[in-house]
Amino acid sequence: MGDLWRSQEMQLVQLVIPAEAAHDTVEKLGYVGKMQFKDLNKDKSAFQRTYANQVKRCDEMQRKLRFLLEEMGKAEIANVETKTLALQEAIANSRSGFEKQHDLDELEVTLEELEHDLCDISAAMTKLERSKSELVEFQLVLDQAGSFFDTARRSASIDSNPAQTTAGDVYGQMEAPLMGGNSFTSDMQHVSHGADTGYSSALNTRLGFIAGLIPHAKIASFERILFRAMRGNMFLKHQEVGLVMDPAQCEKQNKSVFVVFFSGERSRAKILKICDAFSANRYPLPEEPMKQASMRSEVNARLMELSQTVDASNDQKRTLLLRIHHDWDSWMALV
C-alpha cells in the first residue's frame with residue numbers, strides 16, 4: 001500500500017504516432033497503467049484541440065445511451081441505480097484489460113440505428129394511443145348521449161297517451177321533448193294558427209345538437225357561458241363518465257359527456273366557439289337509433305383492431321429494449 005505514496009523514478013519520453021493509430025495506441029497504454037500523459041497545449045480550449053470532434057462524437061453517443069436508459073426505465077426493464085453499479089463494474093473490467101467487444105465507430109452506427117428505431121416506434125405508438133383514446137371517447141358519447149335520446153323517445157311515447165299523464169306534468173319533466181310532441185305545444189299551435197304564423201313555424205323548427213366530452217371541472221362554467229351566450233335558448237344535458245384518457249394531453253381526466261340542443265346556424269357557430277374555448281372534444285352523433293347502433297358496432301370493431309396493434313407495438317418495443325439492456329453496460333464503459 002505504501003508504494004502508492006512513494007515517489008517513483010520517471011522518464012520523460014515523446015511518442016510519434018500516426019493519427020489513424022493514435023486512439024488504439026493510447027487506449028492500450030491506458031490498460032498498462034504505467035504512463036502519465038503531460039498536456040502540452042494548456043493554453044488551448046477544448047474546442048481548439050485536434051480531438052475536439054472525437055469528444056463531440058462521444059458526447060453525442062452518451063446522450064443516445066442516456067436516452068436508451070430512460071426508455072428502459074419507462075418500460076420497467078432497468079432502473080438507474082442498478083445500471084450505475086453495473087456500469088462501474090464494466091468500467092473496472094475495461095481498466096483491468098478486459099477485451100472490448102465493440103469498436104467505437106461501429107457503436108456509433110448501432111446507437112444511431114437504435115435511437116431511430118425507438119423514436120419511430122414511440123411516435124407510432126403515440127399516434128395509435130391518441131386514436132384509441134378518441135375512439136374510447138366516441139364510444140362513451142354513443143352510449144351516454146344515445147341514452148338521452150332513448151329517454152326522450154320514451155317520454156314522447158308516454159306523452160302521446162293523454163290518459164297516462166297530463167300536459168302540465170309532461171311539460172315540467174326534464175325528459176320532455178323540447179319542441180312539439182306534447183299537448184301543451186299542440187294547444188299553443190292550435191291557438192296561434194292563423195294569428196301568428198311565425199310563432200307556429202318556430203314551434204315546428206327542428207332542433208340541432210352538438211355532442212362531446214368536456215372535463216367535469218369545467219361543466220358548471222360551460223353551462224353558464226352557454227346560457228349567457230344563447231340567452232337561454234338552448235338545452236344542455238350532461239353525464240359524468242369518470243377518468244378518461246384525453247387524446248390531446250395524453251393524460252387521464254375526469255370527464256363528462258354533454259349534448260347541447262339549439263336552433264339555428266348562428267347558435268351552432270357560437271356553441272362551437274365555446275366548445276373550443278373549453279377544450280371540449282366534439283364527436284358526430286346520429287339521431288336515429290339504427291345509425292347509432294351501426295356506428296357503435298363500427299367503433300367497437302376499430303377499438304379491438306387498435307388494441308391488437310398497440311399490443312404488438314409494445315411487444316416489439318420491449319424486445320428491442322431487452323436486447324439493448326444486455327449490451328448497455330459495455331457500450332457506456334467503452335464511450
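Residues numbered from 1 in each chain as written. Predicted model: local features only at pLDDT ≥ 70, side-chain atom pairs only at ≥ 80, totals over all residues. Heavy atoms only, no water.

J.: Can you lay out the overall build of the protein chain for me, pointing to particular residues and giving the numbers?
T.: The helix and strand inventory of the protein chain stands at 10 helices and 4 strands. Along the protein chain, helices (α) and strands (β) appear in the sequence α-α-α-α-α-α-α-β-α-β-β-α-β-α when read from the amino end. Counting only residues that meet the buried cut, the protein chain has 31% of its 335 residues in that class. Considering only contacts in the protein chain between residues 6 or more positions apart, those separated by 24 or more positions represent 74%. (Helix = DSSP H or I, 4+ residues; strand = E, 2+ residues; numbered from the N terminus. Buried < 20%, exposed > 50% of the residue type's maximum accessible area, 1.4 Å probe, protein only. Contact = heavy atoms within 4.5 Å.)

J.: So, the nonpolar core: which residues are in play, and what are the values?
T.: Among the nonpolar cores identified, the biggest contains 22 residues, and Leu68, Met72, Ile324 and Trp328 are the most heavily contacted of them. For this core, the secondary structure elements donating two or more residues are helix H2 (52–74), helix H4 (104–159) and helix H10 (289–334). (Core = buried A, V, L, I, M, F, W, Y, C linked by side-chain atoms within 4.5 Å.)

J.: Tell me about the side chain of serine 313, residues and numbers included.
T.: Assignment of secondary structure puts serine 313 in helix H10. For serine 313, the contacting residues outside a window of four places in its chain are Ile121, Met125 and Leu128.

J.: If you had to explain the sheet that holds strand E2 (residues 235–245) to someone new, which residues and values would you point to?
T.: With antiparallel pairing, the 4 strands of this open sheet are ordered in space as E2-E3-E1-E4. Looking along the sheet, the strands with just one partner apiece sit at the ends: E2 and strand E4 (281–283). Across the sheet, the mean angle from the axis of one strand to that of its neighbour is 25°, orientation sign disregarded. With 3 bridges connecting them, strand E1 (residues 208–215) and E4 associate as antiparallel partners. Residue pairing for E4: alanine 211 is matched across the bridge by tyrosine 283. Sheet contacts for helix H8 (residues 219–229): E1, E2 and strand E3 (252–262); angle to E2, the most-contacted strand, approximately 155°. Sheet strands touched by helix H9 (residues 265–277): E1, E3 and E4. Its angle to E3, the strand with the most contacts, is close to 170°. (Pairing = 2+ DSSP bridges. Axes fitted to C-alpha atoms, helices over the stretch in contact; angles between N-to-C directions.)

J.: Account for H8, with residues named and values stated.
T.: Taken together, the buried positions of H8 are occupied by Ile219, Phe222 and Leu226. Down the axis of H8, the buried set is contained in an arc of 55°. They therefore lie on one face. On its buried side, H8 packs onto E1, E2, E3 and H9. Positive backbone phi, approximately 55°, marks arginine 231, located one or two places after H8. (Arc of directions from axis to C-beta.)

J.: Can you lay out the packing of H2 against H10 for me, pointing to particular residues and giving the numbers?
T.: Here H2 crosses H10 at 135°, and the two axes come no closer than 10 Å. One way to sum up the angle between H2 and H10 is to call them oblique. Taken as a pair, H2 and H10 cross one another with a handedness that is left-handed. Here Gln62, Leu65, Leu68, Leu69, Glu71 and Met72 of H2 come into contact with H10, specifically with Lys317, Leu321, Ile324, His325, Trp328, Trp331 and Met332. When its residues are assigned to classes, the contact of H2 with H10 shows 9 nonpolar, 2 polar and 2 charged. (Parallel < 35°, antiparallel > 145°, perpendicular 65-115°, else oblique. Left-handed = near helix turned anticlockwise from the far one by under 90°. Nonpolar A, V, L, I, M, F, W, Y, C, P; charged D, E, K, R; others polar.)

J.: Which residues make up H2, and what values go with them?
T.: Between its first and last C-alpha atoms H2 spans 33 Å; for 23 residues at 1.5 Å apiece the expected length is 33 Å, and the two agree. Within H2 the residues assigned to the buried category are Ala52, Cys58, Met61, Lys64, Leu65, Phe67, Leu68, Leu69, Glu71 and Met72. (Expected span 1.5 Å × (residues − 1).)

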